[in-house]
Amino acid sequence: MPAYLAIQNVGKTFTRGAATTEVLRDISLDIARGEFVSIIGHSGCGKSTLLNLIAGLTEVTAGGIILENAEVSSPGPDRAVVFQNHSLLPWLTVYENVNLAVAKVFGRTKSRAERHEWIMENLDLVQMAHARDKRPTEISGGMKQRVGIARALAMEPKILLLDEPFGALDALTRAHLQDQMMEIHARLGNTIIMITHDVDEAVLLSDRIVMMTNGPAATVGEVLDVPLSRPRKRLELASDRTYLKCREAVLKFLYERHRFVEAA
Amino acid sequence: MTLPATKDDTVTPLPFKAAPATIVPLGALRPRPIDIGAVLRAVAQATVPPLVVLAIILTVWQVLCSSPGSSLPPPSQVWTDSYELIVDPFFVYGSQDIGLGLRVLTSLQRVAIGFGLAAVMGVAIGAVIGQSVWMMRGLDPIFQILRTVPPLAWLPISLAAFMDSGPSAIFVIFITSIWPVIINTAVGVRNIPQDYRNVAAVLRLDQREFFFKIMVPAAAPYIFSGLRIGVGLSWLAIVAAEMLTGGVGIGFFIWDAWNSSRLSDIIVALVYIGLVGFVLDRLVGLVGAIVTRGTSAA
Ligand SMILES: Nc1ncnc2c1ncn2[C@@H]1O[C@H](COP(=O)(O)OP(=O)(O)OP(=O)(O)O)[C@@H](O)[C@H]1O
Ligand SMILES: [Mg+2]
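Residues numbered from 1 in each chain as written. Chains lettered and ligands numbered in written order. Predicted model: local features only at pLDDT ≥ 70, side-chain atom pairs only at ≥ 80, totals over all residues. Heavy atoms only, no water.

Another aspect to go through is the overall build of chain A. A count of helices and strands for chain A gives eight helices and ten strands. In terms of overall dimensions, chain A has a C-alpha envelope of 55 × 50 × 40 Å along the principal axes. A total accessible area of about 12200 Å² is found for chain A, and carbon and sulfur atoms account for 49% of it. Between the mean site of the 31 positive side-chain charges and the mean site of the 32 negative ones, chain A shows a separation of 2 Å. (Helix = DSSP H or I, 4+ residues; strand = E, 2+ residues; numbered from the N terminus. Areas by Shrake-Rupley, 256 points an atom, 1.4 Å probe, with all protein chains shown as cover. Lys, Arg positive; Asp, Glu negative; His and termini not counted. Charge placed at Lys NZ, Arg CZ, Asp CG, Glu CD.)

With that out of the way, let us pick up the UniProt feature "transmembrane region" (unreviewed entry) in chain B. All names here are of chain B. The residues that UniProt annotates with the feature "transmembrane region" (unreviewed entry) are residues 111–133, 169–189, 210–229, 235–255 and 267–291. In residues 111–133, helix accounts for 96% and strand for 0%; the two terminal C-alpha atoms are 32 Å from one another. Summarising residues 267–291: 100% helix, 0% strand, and an end-to-end C-alpha distance of 36 Å. (UniProt positions renumbered as here; feature names shortened; annotations may be inferred.)

Turning our eyes to something else, we now look at the packing of helix H4 (residues 100–131) of chain B against helix H11 (residues 250–259) of chain B. Residues and elements named next belong to chain B. H11 packs onto H4 with a crossing angle of 125 degrees between their chain directions and a minimal axis gap of 7 Å. As far as their axial angle goes, H11 and H4 are oblique. Contacts between H4 and H11 involve Leu 100, Arg 103, Val 104 and Ser 107 from the former and Ile 250, Gly 251 and Phe 253 from the latter. Considering only residue class, the contact of H4 with H11 consists of four nonpolar, two polar and one charged. (Axes fitted to C-alpha atoms, helices over the stretch in contact; angles between N-to-C directions. Parallel < 35°, antiparallel > 145°, perpendicular 65-115°, else oblique. Contact = heavy atoms within 4.5 Å. Nonpolar A, V, L, I, M, F, W, Y, C, P; charged D, E, K, R; others polar.)

To continue, consider the nonpolar core. Burial of nonpolar side chains together is a common tendency in soluble globular proteins. Core analysis: the largest hydrophobic core is formed by 151 residues, its most contacted members being Leu 5, Leu 123, Ile 193 and Ile 209 of chain A together with Trp 235 of chain B. No other element matches helix H7 (residues 165–190) of chain B, which puts 13 residues into this core. When residues are assigned to domains, this core turns out to be shared by domain 1 (1–78 + 159–171 + 193–263) and domain 2 (84–156) of chain A, each giving three or more. When sequence neighbours within four positions are dropped, the list of residues in contact with Leu 123 of chain A reads Val 94, Tyr 95, Val 98, Met 128, Ala 129, Arg 132 and Ala 150 of chain A. (Core = buried A, V, L, I, M, F, W, Y, C linked by side-chain atoms within 4.5 Å. Buried < 20%, exposed > 50% of the residue type's maximum accessible area, 1.4 Å probe, protein only. Domains from an automatic or database assignment.)

The next subject is the sheet that holds strand S4 (residues 62–67) of chain A. All names here are of chain A. Across the sheet, which stays open at both edges, the four strands sit in the order S2-S1-S4-S5 with antiparallel pairing between neighbours. At either margin of the open sheet sits one strand with a lone partner, and together these are strand S2 (19–31) and strand S5 (70–71). Looking at chain direction, strand S1 (residues 5–16) and S4 are connected through five bridges and run antiparallel. Bridge pairing links Gln 8 to Gly 64 in S4. (Pairing = 2+ DSSP bridges.)

Relative to the helices and strands, Val 239 of chain B resides in helix H10 (residues 238–245). Filtering out sequence-adjacent residues up to four positions away, Val 239 of chain B remains in contact with Gly 251 and Ile 273 of chain B.

What follows deals with the interface of chain B and chain A. Of the residues lining the interface, 22 residues belong to chain B; the matching set on chain A comes to 25 residues. Between chain B and chain A the total buried area reaches about 2000 Å² when both faces are included, carbon and sulfur atoms providing 67% of it. Taken as a group, Val 202, Leu 203 and Arg 204 of chain B account for 32% of the area that chain B buries against chain A, more than any other trio of residues on that side. Between the two partners, chain B and chain A, sit one salt bridge. Joining chain B to chain A, the criterion identifies five residue pairs in polar contact (both at pLDDT 80 or more). Looking at the side of chain B that touches chain A, the element that brings in the most residues is helix H8 (residues 194–202) of chain B, giving six residues. Counted by class, the side of chain B that touches chain A contains 13 nonpolar, three polar and six charged residues. (Buried area = accessible area lost by both parts, 1.4 Å probe. Salt bridge = Lys/Arg side-chain N within 4 Å of Asp/Glu carboxyl O. Polar contact = N/O pair within 3.5 Å; in protein donor to acceptor, adjacent residues only side chain to side chain.)

On to the UniProt feature "domain: ABC transmembrane type-1" (unreviewed entry) in chain B, then. Using the residue numbers shown here, the UniProt feature "domain: ABC transmembrane type-1" (unreviewed entry) corresponds to residues 104–284 of chain B. End-to-end, the C-alpha atoms of residues 104–284 of chain B are 18 Å apart, and along that stretch the chain is 88% helix and 0% strand.

Residue and element names in this part refer to chain A. Taken together, Phe 14, Val 23, Ser 43, Gly 44, Cys 45, Gly 46, Lys 47, Ser 48, Thr 49, Glu 164 and His 197 make up all the residues around ligand 1. For ligand 1, an oxygen atom lies 2.5 Å from a polar atom in the side chain of Thr 49. Relative to its unbound accessible surface of 630 Å², ligand 1 loses 61% to contact with the protein. The greatest single-element share of the shell around ligand 1, amounting to three residues, is contributed by helix H1 (residues 47–55). Here the residues of the shell around ligand 1 are counted per class, giving three nonpolar, six polar and two charged. (Near = heavy atom within 4 Å.)

Residues and elements named next belong to chain A. Evaluation of the coordinates by the stated rule reveals 17 salt bridges over all chains. Salt-bridge contacts for Arg 208 lead to Glu 35; the nearest nitrogen and oxygen are separated by 2.5 Å. A residue pair is termed long-range when its members are at least 10 positions apart, and Arg 208 in strand S9 (residues 208–212) and Glu 35 in the loop between S2 and strand S3 (36–40) qualify at 173 residues. Glu 35 matches Arg 208 in its accessibility class, with the two residues each being buried. One salt bridge connects Glu 68 with Lys 158, and the closest N-O pair in it is separated by 3.1 Å. You can see Glu 68 sitting in the loop between S4 and S5 and its partner Lys 158 sitting in the loop between helix H4 (141–154) and strand S7 (159–163), a full 90 residues away along the chain. Residue Lys 158 is classed as partly exposed on the basis of its relative accessible area, which comes to 33%. Residues participating in the shared-partner salt-bridge network are Arg 33, Glu 68 and Lys 158.

Let's shift gears to the sheet that holds S9 of chain A. All names here are of chain A. The sheet built from six strands is open, its strands ordered S6-S7-S8-S3-S9-S10 with mixed pairing. The strands lining the two open edges of the sheet, one partner per strand, are strand S6 (79–82) and strand S10 (220–225). Sheet twist, expressed as the mean angle between neighbouring strand axes with direction ignored, is 20 degrees. Judged from the four bridges that link them, S3 and S9 form a sheet pairing that is parallel. Each residue of the ladder has a partner; that of Ile 39, found in S9, is Val 210.

Glancing now at helix H5 (residues 171–188) of chain A. The end-to-end C-alpha distance of H5 of chain A is 25 Å, a good match for the 26 Å that 18 residues give at a rise of 1.5 Å each. Remark: Gly 189 of chain A follows H5 of chain A within two positions and exhibits a positive phi of approximately 65 degrees. (Expected span 1.5 Å × (residues − 1).)

All names here are of chain B. Regarding H11, the residues found buried are Ile 250, Gly 251, Phe 252, Phe 253, Ile 254 and Ala 257. On its buried side, H11 packs onto helix H3 (83–87), H4, helix H9 (207–236), H10 and helix H12 (263–291). Within two residues after H11, Ser 261 carries a phi angle of roughly 55 degrees, on the positive side.

What follows covers the packing of H4 of chain B against H10 of chain B. Residue and element names in this part refer to chain B. The interhelical angle for the contact between H4 and H10, taken along N-to-C directions, is 105 degrees, at an axis separation of 11 Å. Considering the angle they form, H4 stands roughly perpendicular to H10. Contacts between H4 and H10 pair Ser 107, Arg 110 and Val 111 from the former with Ile 238, Glu 242 and Thr 245 from the latter. Looking at the contact of H4 with H10, its residues break down into two nonpolar, two polar and two charged.

Shown next as structure tokens:
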């Protein structure tokens, strides 16, 4: 019996005319239901590409991705993506942005009143219900990211894919959203794959950390288990031995064994 | 294709002012004391300079055209010759003898049909073309050439094709105004950020949903700048179009007045056409500003 999400010998080569770039090679990874997995690696190694492959937004050129015994071949709401730059539609209000997803996914199965409840429930979850009638241009970056998360959660996806969701935020807002993310994960038990640049974020949030080697033809370098019990408290962890050891392992991987080399 | 949203320098979305969308609860609307002095000053600033310039122009014109041998009538003569036309836009003395306001309405109806068709088809065609790199490459040069053909030049072809002056006139308006709509829509669609496409893909929006929920709103600033150019062109085409329809349009009125050497009437009609064209342009601009609230700030 294969894993909940099985990534099997996946490779991705981009072709433009005669030029080809092999970005990913032979990536294999099994992810269990309810697991929180982080992907970390240097800029340009192909993390977003891998996420897009899982989302189905781009097609694999080798291997295959299997979610609950079905091969991933096209995008769908069962793999909701929170994009790096929130990607809310600026002409819709916060409420309407979430509604776009809810109307599409639950248009047939939920009544109008139920859908409204569901939208508000998800906005409440990220504490954005108060801004339901604001447009994206009228709210802060952190708030936009939260609405993006609400929109993704509202699809009730099998897997939540987060592409550096907190990358563009200041440290305080980021810490706040990380705590919220942990709470949501504890409450709903989603399966989450998150790309990050931030070592602390990866250790704090994840059950496992996937470390990628540098491109071209990047692959999985190492997978680190984070055996910290939940719920996790960032202040207590700051001096926790397991936490520090995990942190050191990731840092060593990134800055000793696979140092960032500027591609020629 | 993950082209960055490169701005084509020939087609930029109009810089619509995003109206502040603050929501004020009704109770909070307290009548504020209006500063009458400030309002008057603002009105004066907007109206005095054009009025002064207008007065200068009329004076110069009067002086230049007052000599007995001059070929054009001076303003004072226009006033006396065409007094009826100027003071009453809506008189009806006979089926052919009606005020210019009524004539303008007839012409506007024609423009509404021609331009309405151009708007709907232009957006549809532009959307299809903008979605495909190859169509864009193939068709764009052809459109760039066709859009420079003047309205009058379409007339004979149009007549030959429709054999009837009514549809031909509408076709001339249509064909003159459709190009900027197509071209701007296509550019707008091509510039839709990949992010929005990804959102649509994840949600599995179908073609129709994508068109109405993503494409049209995302490209709206471009579409409206195309529509604004288009409505201007369609009004430009009215004289050419009505040369052959006859009847009571403002375009035909000019043609008719020329044939019976009523120069003063022509001058009055020109002013009407100019004013209506100005209003049309502002109207489309206003609708665009309202519709694209939010989008343009993307
Ligand atoms: N559509 C494409 N065509 C060709 N090459 C591409 C394409 N998309 C990505 N690449 C290449 O794939 C490599 C990995 O890109 P990717 O965006 O996945 O990196 P990343 O790890 O997400 O980087 P970052 O951390 O900066 O977001 C880059 O070298 C990029 O040039
Ligand atoms: Mg990336």
